[in-house]
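# Secondary and tertiary structure notes
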Amino acid sequence: MLLTQEIRNQTKDQLTQELRNLKQEQMNLRFQKAYDQLSSTMRVRQVRRQIARIKTIMGEKTYKGAK
């Protein structure tokens, strides 16, 4: 799991790729949950929060770039 400071240091392309990977993982976790194969329910929460963290920082970078 990436820390907020590590996320801030990444480029926009790296953030986009990381977001894509996390969304894929989130989809896989949803399928595992649907088939009762999910081993760690905490991971669902971690992925969701990490996605939100990345989206927030991407928004901040866009906002700062617009100024």
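Quantities reported herein were computed from a predicted structural model and do not represent experimental measurements.

## Let's talk about the overall build of the protein chain
Helix and strand counts for the protein chain come out as three helices and zero strands. Secondary structure of the protein chain in N-to-C order comes out as α-α-α. Summarising its shape, the C-alpha atoms of the protein chain cover approximately 50 × 15 × 15 Å along the three principal directions. Per-residue burial for the protein chain yields a buried fraction of 21% across its 67 residues.

## What to know about the environment of Y63
Within the secondary structure layout, Y63 lies in helix α3 (residues 41–66). On the basis of relative accessibility, which here comes to 54%, the residue Y63 falls in the exposed class. Each C-alpha atom of the pair Y63 and Q32 lies 37 Å from the other, and the pair is 31 residues apart in sequence.

## Quick word on the pattern of salt bridges
Counted by the stated rule, this structure contains two salt bridges. A salt bridge links R8 to E60; the shortest N-O distance between them is 2.6 Å. Pair noted here: R8 is in helix α1 (residues 4–8) and E60 is in helix α3, with a separation of 52 residues, a long-range link. Note on R8: relative accessible area 36%, which makes it partly exposed. What makes E60 partly exposed here is its relative accessible area of 30%.

## Digging into the nonpolar core
For soluble globular proteins, the rule of thumb is that nonpolar side chains tend to be buried together. Of all hydrophobic cores here, the largest spans eleven residues; its members are I7, L15, L19, L22, L29, L38, V47, I51, I54, I57 and M58. Elements supplying a minimum of two residues to this core: α2 (12–34) and α3. Looking at this core, the element that brings in the most residues is α3, giving five residues. Residues contacting L15, with those up to four places away along its chain left out, are I7, Q10, I54, M58 and K61.

## Side note on a nonpolar patch on the surface
The grouping of M27, F31 and Y35 at the surface amounts to a nonpolar patch, some 350 Å² of accessible area in total. Among the structural elements, F31 can be located in helix α2. Classification of F31 as partly exposed rests on a relative accessible area of 47%.

## Here we look at the side chain of Q50
Residue position: Q50 is located in helix α3. Classification of Q50 by relative accessible area gives buried; the value is 4%. Discounting chain neighbours no more than four positions away, the residues touching Q50 are M1, L2, I7 and L22.

Here is what the cut-offs are and how they apply
Residues numbered from 1 in each chain as written. Predicted model: local features only at pLDDT ≥ 70, side-chain atom pairs only at ≥ 80, totals over all residues. Heavy atoms only, no water. Helix = DSSP H or I, 4+ residues; strand = E, 2+ residues; numbered from the N terminus. Buried < 20%, exposed > 50% of the residue type's maximum accessible area, 1.4 Å probe, protein only. Salt bridge = Lys/Arg side-chain N within 4 Å of Asp/Glu carboxyl O. Core = buried A, V, L, I, M, F, W, Y, C linked by side-chain atoms within 4.5 Å. Contact = heavy atoms within 4.5 Å. Patch = residues over 30% accessible without salt bridge, like charges linked within 9 Å, V, L, I, M, F, W, Y side chains within 5 Å. Areas by Shrake-Rupley, 256 points an atom, 1.4 Å probe, with all protein chains shown as cover.

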